[in-house]
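Structural description and commentary
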Amino acid sequence: MLRSSGFFIHHIIGGHIVKRNIIIIFMIFLILFGCSTDKDSINMSNLDNSGVSAETIDKRKAYSNNPQAPDTRSLNNIGQEFSDEDGKVILKGISDYNKTHRIGPIELTLKGIKLVEYIPAMHLIDYFHTFTNNETQFHYVKFHVSIENTSAETVDFAPVSVLKTDKGEVKGFDDDFYLQNLYGVLSPGEKKIGELAFILDKTSPENLNYITLTTSDVFNEHRETVNKGKEIKITF
């Protein structure tokens with residue numbers, strides 16, 4: 001009887017232990033599942049934040065403010081002005097030119113072309129002294145550029161090799177003062193976006209009717225010409 005009772009008690013206690021183990025396993029499963037769900041939520045949150053960041057980065061790539069001059073995007077009517085810590089800009093001329101040119105493997109888009117009067121801040125005067133003798137107040141022409149290498153080969157290209165006004169003033173590629181690294185080597189599929197700006201010392205805004213841009217040739221890695229450059233006329 002005692003053995004029988006002991007057997008019965010043993011089974012009852014054993015049953016409680018089994019139940020307790022099942023409950024513990026079930027609770028562990030719930031905890032692990034909850035952690036996994038929270039982790040997934042955090043990962044999704046991170047992905048969403050990454051998406052926002054990526055979009056922000058893409059927007060920044062679309063426009064990069066130049067440290068040498070104020071932003072001119074708000075200038076759309078002749079006489080409009082804008083000032084910031086870099087100085088004051090006044091719109092003197094604007095072109096509606098917006099075209100994409102195919103030069104061998106290169107797709108070159110030019111737009112946002114403006115003629116601007118600029119009064120730079122004091123901290124920039126020394127910088128402009130290397131580009132003009134009228135460093136305290138001058139005019140410049142600027143334009144937005146997009147360059148894409150559509151080939152599977154590395155190429156070398158300059159969007160502007162020579163700029164010439166209809167009054168005979170000539171500027172070379174090294175006269176660009178925005179310095180946004182838009183010249184040189186492009187890897188297969190690489191795209192560069194930015195702006196170029198050239199000071200005009202001998203052409204007044206009132207007398208400027210058009211400018212002519214001549215691109216460089218397109219060169220391969222061995223400095224051999226793949227395609228000849230192109231001359232582009234832009235009217236104001």
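Here the structure is shown first, and the text comes after it.
What counts and how
Residues numbered from 1 in each chain as written. Predicted model: local features only at pLDDT ≥ 70, side-chain atom pairs only at ≥ 80, totals over all residues. Heavy atoms only, no water. Helix = DSSP H or I, 4+ residues; strand = E, 2+ residues; numbered from the N terminus. Buried < 20%, exposed > 50% of the residue type's maximum accessible area, 1.4 Å probe, protein only. Contact = heavy atoms within 4.5 Å. Areas by Shrake-Rupley, 256 points an atom, 1.4 Å probe, with all protein chains shown as cover. Core = buried A, V, L, I, M, F, W, Y, C linked by side-chain atoms within 4.5 Å. Salt bridge = Lys/Arg side-chain N within 4 Å of Asp/Glu carboxyl O. Pairing = 2+ DSSP bridges. Phe/Tyr/Trp six-rings, centres within 6.5 Å; stacked < 30°, edge-to-face > 60°. Lys NZ or Arg CZ within 6 Å of the ring centre and 35° of its normal. Polar contact = N/O pair within 3.5 Å; in protein donor to acceptor, adjacent residues only side chain to side chain. Axes fitted to C-alpha atoms, helices over the stretch in contact; angles between N-to-C directions.

**A word on the overall build of the protein**
For the protein, the count of helices and strands is two helices and 14 strands. Each of the 236 residues in the protein was classed as buried or not, and the buried ones make up 36%. Nonlocal contacts in the protein, meaning residues at least 24 apart in sequence, comprise 63% of its contacts between residues at least 6 apart. For the protein, the exposed area adds up to about 14,200 Å²; of that, 56% sits on carbon and sulfur atoms.

**Quick word on the nonpolar core**
Ile 106, Leu 108, Leu 110, Phe 143 and Leu 163 are the most contacted members of the largest nonpolar core, which has 28 residues in total. Contributing elements (two or more residues each) for this core: β4 (106-120), β5 (138-149), β6 (155-157), β10 (191-200), β11 (210-214) and β14 (231-235). Tallying contributions element by element places β4 first for this core, with five residues. Each residue touching Leu 110, except ones within four places of it in the same chain, is listed here: Tyr 97, Asn 98, Lys 99, Phe 143, His 144, Val 145, Leu 213, Ile 232 and Ile 234.

**Things to note about the pattern of salt bridges**
Enumeration over the complete set of coordinates arrives at ten salt bridges. Salt-bridge contacts for Asp 71 lead to Arg 73; the nearest nitrogen and oxygen are separated by 2.9 Å. For Asp 71, a relative accessible area of 16% corresponds to the buried category. On the basis of relative accessibility, which here comes to 49%, the residue Arg 73 falls in the partly exposed class. One network of salt bridges, with partners in common, ties together Glu 169, Lys 171 and Asp 201.

**A few points about unusual backbone geometry**
Negative phi characterises most residues that are not glycine, and trans characterises most peptide bonds. Its identity is not glycine, yet Leu 179 carries a phi of approximately 50 degrees, on the positive side. Structurally, Leu 179 can be placed in the loop between β8 (170-172) and β9 (184-186). Relative accessible area serves as the criterion here: at 54%, Leu 179 is assigned to the exposed category. Phi is positive for Arg 223, which is not a glycine, with a value near 65 degrees. The topology assignment puts Arg 223 in the loop between β12 (218-219) and β13 (225-227).

**Points about the pairing of strand β1 (residues 81-84)**
Sheet topology note: the β1/strand β2 (residues 87-94) ladder contains four bridges and is antiparallel. Within β2, the residue paired with Phe 82 across the bridge is Val 89. Count of turn residues in the β1/β2 antiparallel hairpin: two residues.

**Section: the pairing of strand β7 (residues 162-165)**
When a strand is regular, its side chains alternate between the sheet's two faces. Residue alternation in β7 divides its side chains into a buried set, Leu 163 and Thr 165, and an unburied set, Val 162 and Lys 164. Two strands pair when backbone bridges link them, and β7 and β8 are joined in this way by three bridges, in the antiparallel orientation. Note on β8: the bridge partner recorded for Val 162 is Gly 172. Taken together, β7 and the strand that follows it, β8, pair antiparallel across an intervening segment of four residues, in which Gly 168 is found at a positive phi of about 95 degrees.

**Considerations on the packing of aromatic side chains**
This structure, assessed with the given rule, holds 15 aromatic pairs. Aromatic ring contacts, followed pair by pair, group Tyr 118, Tyr 127, Phe 128, Phe 131, Phe 138, Tyr 140, Phe 177 and Tyr 178 into a single cluster. The side chain of Arg 223 reaches across the aromatic face of Phe 219, ending 4.2 Å from its centre. Against the face of Tyr 210 rests Lys 233, its NZ or CZ located 4.2 Å from the ring centre.

**Focus on the side chain of Glu 117**
Inspection of the secondary structure assignment puts Glu 117 in strand β4. The buried category is assigned to Glu 117, whose relative accessible area is 11%. A polar contact is formed between the side chain of Glu 117 and the side chain of Gln 137, at a distance of 2.4 Å. Contacts of Glu 117, omitting those with residues within four sequence positions, involve Lys 88, Val 89, Ile 90, Lys 92, Gln 137, Phe 138 and His 139.

**Points about the environment of Glu 206**
Within the secondary structure, Glu 206 sits in the loop between β10 and β11. Glu 206 sits 113 residues away from Gly 93 along the chain, and the two C-alpha atoms are 8.6 Å apart.

**Quick word on the sheet that holds β8**
A sheet is described by the order of its strands in space; here four strands give the open sequence β8-β7-β11-β14, paired in antiparallel fashion. Across the chains shown, the open sheet's two edge strands, defined by having one partner strand only, are β8 and β14. Across this sheet, the average inter-strand angle for adjacent strands is 20 degrees, counted without regard to direction. Two strands pair when backbone bridges link them, and β7 and β11 are joined in this way by four bridges, in the antiparallel orientation. When the bridges of β11 are listed, Lys 164 appears paired with Thr 212.

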